[in-house]
Amino acid sequence: MEKTFVIIKPDGVKRHLIGQILHEYERNGLEIADMKMIHADVDTVKAHYAEHVEKPFFQELVDYLTSGPIVILVLQGEDAVARVRALNGATNPEEAGVNTIRALYAVSLSENTVHASDSLESAEREIGIWFN
């Protein structure tokens, strides 16, 4: 049973989409292993996005993720990492498949409603950062 990490970002929380997003994961056979709503601090967000620190959009990511409450969760199930990424759709909502979470709910490339780990290694690292 794999575990993966998900963030429902500030735009999803602000627009009251938590229930709909959780429903998509659960109806697709994933279980919520842990979950909490928090207001992310700058240091945690910087640790999360450490691989992007030299990129021009880094500060925008930090500012966005700390702009309001977020929901962090650990989902588990068979092939959880790949399944969650497929359910979320492409990072750019204009490229996301029909009926994916980002196609349905994302506002823009920068406000794309959800984050999910891209590998088992990332999931382990991200769970450790957020659920320490």
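About the criteria used
Residues numbered from 1 in each chain as written. Predicted model: local features only at pLDDT ≥ 70, side-chain atom pairs only at ≥ 80, totals over all residues. Heavy atoms only, no water. Helix = DSSP H or I, 4+ residues; strand = E, 2+ residues; numbered from the N terminus. Buried < 20%, exposed > 50% of the residue type's maximum accessible area, 1.4 Å probe, protein only. Polar contact = N/O pair within 3.5 Å; in protein donor to acceptor, adjacent residues only side chain to side chain. Salt bridge = Lys/Arg side-chain N within 4 Å of Asp/Glu carboxyl O. Core = buried A, V, L, I, M, F, W, Y, C linked by side-chain atoms within 4.5 Å. Contact = heavy atoms within 4.5 Å. Pairing = 2+ DSSP bridges. Axes fitted to C-alpha atoms, helices over the stretch in contact; angles between N-to-C directions.

I'd like a description of the side chain of Asn88, backed by residues and values.
One can find Asn88 in helix 5 (residues 80-88). Among the residues examined, Asn88 registers a relative accessible area of 1% and is labelled buried. Of note is the side chain of Asn88, whose polar atom sits 2.7 Å from the side chain of Tyr25.

Explain the pattern of salt bridges to me, and be specific about the residues and the numbers.
Per the stated rule, a full pass over the model turns up three salt bridges. Here Arg27 and Glu24 are joined by a salt bridge, their closest N and O atoms 3.1 Å apart. Of this pair, Arg27 and Glu24 both sit in helix 2 (residues 18-27), three residues apart, which is roughly one turn of that helix. For Arg27, a relative accessible area of 53% gives the class exposed. For Glu51, the salt bridge goes to Arg125, with nearest N and O atoms at 3.4 Å. Taken as a pair, Glu51 in the loop between helix 3 (42-48) and helix 4 (58-65) and Arg125 in helix 7 (residues 120-130) lie far apart in primary sequence, 74 residues in all.

Which residues make up the nonpolar core, and what values go with them?
Residues Ile8, Ile21, Tyr25 and Leu73 are the most contacted members of the largest nonpolar core, which totals 18 residues. Not counting residues within four places of it along the chain, the set of residues in contact with Ile8 comprises Val13, Ile18, Ile21, Leu22, Ile70, Val71, Leu73, Thr113 and Val114. Core analysis: the second largest hydrophobic core is formed by 17 residues, Ile7, Phe58, Val74 and Phe131 among them.

Lay out the sheet that holds strand 2 (residues 31-38) in plain terms, naming residues and giving numbers.
The four strands are arranged 2-3-1-4 in an open sheet whose pairing can be described as antiparallel. The sheet is open, and its two edges are formed by strand 2 and strand 4 (114-116), each paired on a single side. Averaged over all adjacent pairs, the angle separating strand axes in this sheet is 20°, with direction ignored. Relative to strand 3 (residues 70-77), strand 2 runs antiparallel, the two being bridged by seven bridges. Paired with Glu31 across the bridge in strand 3 is Gln76.

Talk me through unusual backbone geometry; I want residue IDs and the actual numbers.
Its identity is not glycine, yet His16 carries a phi of approximately 60°, on the positive side. By the secondary structure assignment, His16 is in the loop between helix 1 (10-14) and helix 2. Residue class for His16 comes out exposed when judged on its relative accessible area of 65%. Positive phi, close to 50°, is recorded for Asp79, a residue that is not glycine. Within the secondary structure layout, Asp79 lies in the loop between strand 3 and helix 5.

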